[in-house]
Amino acid sequence: MKGGEPVPLNEAFLQELKFKTDIEDVISSYVSLKRRGSTSLGLCPFHNEKTPSFTVYNDTQSFYCFGCGAGGDAVTFIKKIENLDYIDAVKLLAQRAGIQMPDDTSFDDSLSKKRRRILEINRETAKFYFNYLVSPQGKIGLDYYLNRGFSMNTIKRFGLGYAPDAWDSLLKHLKSKGYRLSEMVDAGVVKVGKNNRHYDNFRNRVMTPIIDVRGNVIAFGGRVLDDSKPKYINTSDTLVYKKTNELFAMNLAKDCCSDSLILCEGYMDVIAMHQAGFKNAVAGCGTALTSEQVRLINRYTKEVILAYDADEAGRKALNKAIALFKQTDIKVRIPALNGGKDPDEIIKKYGRDKFKGMLDGASNEIEFALLNLRSDNNLNTTQGKIDFVNAAVRILSGVSRVEEDLYIKRIADELEIKESSIKVQLDDYVRKNQGRQKRKMYKSIVEQSIRENHKKTIENDMSIKQIKAEERIIGLLLRYPDCRKLCSTFDEERLSSVFIKRVFKEIISRLNDELDVDLINFSAILTNDELGRLSGIIARTRESKNAKKEFSDCLNIVNEEYEKAHGMSALELSDDDFRKLFNNG
């Protein structure tokens, strides 16, 4: 971990947390799992996939994704899914299990304290902006919101505010509350200019606080009151906020009991939609839709309605969003928004019911693509029909057989051509496209193989035999701790992998001290990626009929490979090294 290796929490506390935390119960709050014997399967929340490769192992209280390599224990899962550091993840699980955090912990939670200070500053900043908005000095900001049709209840519900037209109003306020300038800068509410001069980041703007799913104020969006540029300023990434991971108003939408989420482009659209009763609306935080945001959506719904702006930029954003959702099993519907450039304008012009009708009539992505295709081609001409069919077969190339039959029939009837003609053209396109995909896949496999070979070369030219032996040593040690007795004469420096060597030393040290070697005991000292790698080793470690013999064989392989790599013969070995080579048998 950054900032030096932390001191782990005490063993008694971790033991109690382990016994009172069931990993399947924790993960099922975020991922839909299906039982398969002693394991459970689901779609990975850490990368987009349609076929489940995310596995939860109840016997080892661990998880591992065979698709992206994410893995670990319950603490690791909470760290990744909630974007928390180690100590805050432990606190969340302890609270969930009804356990008090130990008072005498010597754990270095400076990072956790820094996060808490930033969240405190953000909360105080949000209060400052709101109080200023409803004060006489903030009338210009309040009038802006009221003129947009927002009620006072809506303004309060979203905690909207106004940043004064001054250089240091917020800075002075936070300073009076005991916060340091460096903390304000870390939170992103104050900036450092020339000559180390500090000033408010947001000035003369209406302010929208961004709140995460746990109710923390994590960032702000500030909008100008006129047409000056930049129109919006958003908080840059901080210790508590990464804009690619968050969705505005998800804290409200997740609890609205709707079967779907409405995804739109701007804060104002979302606020207007919530006021009109569409409380399942969310938006990105000043960025195009990302894979991380798609995975967040996947945690709360299986259907999303894409209510993007009806302009060229909105159309591009829509196409990108459709491509991202295609990598998941989330159902997508797209409404035809008519009569305004965005949901806010349509609701103001035509009212809630008209907009609801547009949402209710939303098409799936195939129907929407065909609808746009119709508007792009003149179907009253022969060439228009030809161009339409040529483009339509590309759209239909990825649908199911049932969908294919339905859409072909519909198009054939509309254009007054034979279904068989469209079918032949579609099959021909699919066949050619499959050839292109195979060539692309082959090229990808070759490139991946080159990268892997390069990686192996970097890692001391480790042989496959040695890699498997070293991983098996770790897996067997964790599964059969008695194997430790065979390590008394083994030189751990002969392990080629730095990671394996580090984990091996930690396991042996804990076993020598008669301590547990469960994954939860490694969460404080390994990174998320390292825990993923260790979880993969555990997931691949099958039961052994003769664990000690297999363990001994693996130690011998490591010794033999070490001798080969260092060009040493038995005659050149010292007596101690010679005994080490064979005493593990």
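Residues numbered from 1 in each chain as written. Predicted model: local features only at pLDDT ≥ 70, side-chain atom pairs only at ≥ 80, totals over all residues. Heavy atoms only, no water.

**Digging into the overall build of the chain**
Move 1: Summing up its helical and strand segments, the chain has 24 helices and 17 strands in all.
Move 2: Counting across all 585 residues of the chain, residues that qualify as buried make up 48%.
Move 3: The long-range fraction of contacts in the chain, counting pairs at least 24 apart against all pairs at least 6 apart in sequence, stands at 64%.
Move 4: With the model as given, the accessible surface of the chain reaches about 29600 Å², and the carbon-plus-sulfur share is 49%. (Helix = DSSP H or I, 4+ residues; strand = E, 2+ residues; numbered from the N terminus. Buried < 20%, exposed > 50% of the residue type's maximum accessible area, 1.4 Å probe, protein only. Contact = heavy atoms within 4.5 Å. Areas by Shrake-Rupley, 256 points an atom, 1.4 Å probe, with all protein chains shown as cover.)

**Thoughts on the sheet that holds strand E10 (residues 217-223)**
Move 1: As summarised here, the arrangement of the four strands in space is E6-E9-E10-E11, forming an open sheet in which the pairing is antiparallel. Unpaired on one side and paired on the other, strand E6 (161-163) and strand E11 (232-234) mark the two borders of the sheet. Mean inter-strand twist for the sheet, computed between neighbouring axes without regard to direction, equals 35 degrees.
Move 2: When strand E9 (residues 205-211) meets E10, the two strands line up antiparallel, connected through six bridges. Within the sheet, the bridge partner assigned to Thr-208 lies in E10 and is Gly-221. (Pairing = 2+ DSSP bridges. Axes fitted to C-alpha atoms, helices over the stretch in contact; angles between N-to-C directions.)

**A short note on helix H5 (residues 110-133)**
Move 1: Over its 24 residues, H5 runs 35 Å from end to end, which matches the ideal 34 Å to within 8%, given 1.5 Å per residue.
Move 2: Within the span of H5, buried status applies to Ser-112, Arg-115, Ile-118, Leu-119, Ile-121, Asn-122, Glu-124, Thr-125, Ala-126, Phe-128, Tyr-129 and Leu-133. (Expected span 1.5 Å × (residues − 1).)

**Notes on the pairing of strand E14 (residues 281-284)**
Move 1: Alternating residues of E14 divide into Ala-281 and Ala-283 and Val-282 and Gly-284, and every residue in both groups is buried.
Move 2: Examined bridge by bridge, strand E12 (residues 247-248) and E14 share two bridges and lie antiparallel to one another. Residue pairing for E14: Leu-247 is matched across the bridge by Gly-284.
Move 3: With three bridges connecting them, strand E13 (residues 261-264) and E14 associate as parallel partners. Pairing of Ile-262 across the sheet is with Ala-281, part of E14.

**Quick look at the packing of aromatic side chains**
Move 1: In total, this model carries 21 aromatic pairs according to the counting rule given.
Move 2: An angle of 70 degrees between the planes, with centres 5.7 Å apart, marks the rings of Tyr-144 and Tyr-145 as edge-to-face.
Move 3: Measuring from ring centre to ring centre gives 5.8 Å for Phe-490 and Phe-504, while their planes differ by 70 degrees; the resulting arrangement is edge-to-face. Taken together, the positions of Phe-490 in the loop between helix H20 (464-479) and helix H21 (498-512) and Phe-504 in helix H21 put the pair 14 residues apart, joining distant regions of the chain. (Phe/Tyr/Trp six-rings, centres within 6.5 Å; stacked < 30°, edge-to-face > 60°.)

**Topic: empty space enclosed by the protein**
Move 1: Per the counting criterion, the structure on display carries three cavities of 30 Å³ or more.
Move 2: Looking at the largest cavity, its volume works out to about 100 Å³.
Move 3: If you go around the largest cavity, the residues you meet are Lys-18, Thr-21, Ile-23, Thr-60, Gln-61, Asp-73, Ala-74, Asp-518, Leu-519 and Ile-520.
Move 4: Its boundaries defined by the atoms lining it, the second largest cavity holds a volume of some 40 Å³.
Move 5: Around the second largest cavity sit Leu-43, Cys-44, His-47, Asn-48, Glu-49, Val-294, Arg-295, Asn-298 and Thr-328, which together line it. (1 Å grid on protein atoms, 1.4 Å probe; cavity = no way out; pocket = protein on both sides within 12 Å on 5 of 7 lines; lining within 4 Å. Points joined across faces, edges and corners; volume = space filled by probe spheres on them.)

**Some words on the environment of Val-332**
Move 1: Here Val-332 lies in strand E16 (residues 331-334).
Move 2: Separated by 26 residues in sequence, Val-332 and Leu-306 place their C-alpha atoms 7.3 Å apart.
Move 3: In this structure Val-332 touches Val-304, Leu-306, Phe-325, Ser-363, Asn-364 and Glu-365, once residues within four positions along its chain are discounted.

**Examining the nonpolar core**
Move 1: If you look at the biggest cluster of nonpolar residues, it comprises 58 residues, and the most contacted ones within it are Tyr-145, Val-189 and Phe-248.
Move 2: Among the elements that make up this core, the one with the highest residue count is H5 (seven residues).
Move 3: Those residues within four positions of Val-189 in sequence are excluded, and the remaining contacts are Ile-121, Asn-122, Thr-125, Leu-170, Leu-174, Met-184, Asp-200, Asn-201 and Phe-220.
Move 4: Judged by nonpolar contacts, the second largest core, of 33 residues, contains Val-31, Val-75, Ile-78 and Met-101. (Core = buried A, V, L, I, M, F, W, Y, C linked by side-chain atoms within 4.5 Å.)

**Here we look at the sheet that holds strand E5 (residues 71-72)**
Move 1: Strand order in this open sheet of five strands is E1-E2-E3-E4-E5, and the pairing throughout is antiparallel. The sheet is open, and its two borders are formed by strand E1 (34-36) and E5, each paired with just one other strand.
Move 2: As paired elements, strand E3 (residues 54-57) and strand E4 (residues 62-65) share four bridges and run antiparallel to each other. Bridged to Thr-55 within E4 is Tyr-64.

**As for the confidence of the model for the chain**
Move 1: Across the chain, pLDDT averages 87, with 89% of residues at or above 70.
Move 2: In this model, residues 1-7 is a region of pLDDT below 50 whose contacts with residues beyond four sequence positions or in other chains number 11 contacts.
Move 3: Overall, residues 456-460 carries pLDDT values under 50, and its contacts beyond four positions in sequence, including any with other chains, amount to four contacts. (pLDDT = per-residue confidence, 0-100.)

**Concerning the environment of Cys-44**
Move 1: With respect to the helices and strands, Cys-44 occurs in the loop between strand E2 (39-42) and E3.
Move 2: With a relative accessible area of 3%, Cys-44 lands in the buried category.
Move 3: Spatially, the C-alpha atom of Cys-44 lies 10.0 Å from that of Thr-328, the residues being 284 residues apart in sequence.
Move 4: In this structure, Cys-44 is in contact with Glu-49, Phe-54, Cys-65 and Cys-68, ignoring residues within four places of it in sequence.

**Description of the pattern of salt bridges**
Side-chain pairs of opposite charge can arise where the charged atoms are in close proximity.
Move 1: Tallying each qualifying case throughout the model produces 48 salt bridges.
Move 2: Of the charged contacts in the structure, one is a salt bridge between Arg-115 and Asp-88, with a shortest N-O distance of 3.3 Å. With Arg-115 in helix H5 and Asp-88 in helix H4 (residues 86-97), this pair connects stretches of sequence that are 27 residues apart. The same class applies to Arg-115 and to Asp-88, which are both buried. (Salt bridge = Lys/Arg side-chain N within 4 Å of Asp/Glu carboxyl O.)

**Regarding the packing of H20 against helix H23 (residues 547-565)**
Move 1: For the pair H20 and H23, interaxial distance at closest approach is 9 Å and the crossing angle is 140 degrees. The crossing of H20 and H23 is left-handed. Listed contacts from H23 to Lys-465, Gln-466, Ala-469, Glu-470, Arg-472, Ile-473, Leu-476 and Leu-477 of H20 are Ala-547, Glu-550, Phe-551, Cys-554, Leu-555, Ile-557, Val-558, Glu-560 and Glu-561.
Move 2: When its residues are assigned to classes, the contact of H20 with H23 shows 10 nonpolar, one polar and six charged. (Left-handed = near helix turned anticlockwise from the far one by under 90°. Nonpolar A, V, L, I, M, F, W, Y, C, P; charged D, E, K, R; others polar.)

**Overview of the packing of helix H11 (residues 267-275) against helix H14 (residues 343-350)**
Helix-helix packing is described using two parameters, namely the angle between the two axes and the distance between the axes.
Move 1: In contact at an axis separation of 8 Å, H11 and H14 are set at 40 degrees when each is read in the N-to-C sense. Touching Met-268, Asp-269, Ala-272 and Met-273 of H11 are Pro-343, Asp-344 and Ile-347, all from H14.
Move 2: Among the residues making up the contact of H11 with H14, the classes are represented as five nonpolar, no polar and two charged.

**Observations regarding the side chain of Thr-328**
Move 1: Locating Thr-328 in the fold gives a position in the loop between helix H13 (312-325) and E16.
Move 2: Of the polar contacts made by the side chain of Thr-328, one reaches the backbone nitrogen of Ile-330; its length is 3.1 Å.
Move 3: The residues contacting Thr-328, other than those within four sequence positions of it, are Asn-48, Glu-49, Lys-50 and Val-294. (Polar contact = N/O pair within 3.5 Å; in protein donor to acceptor, adjacent residues only side chain to side chain.)

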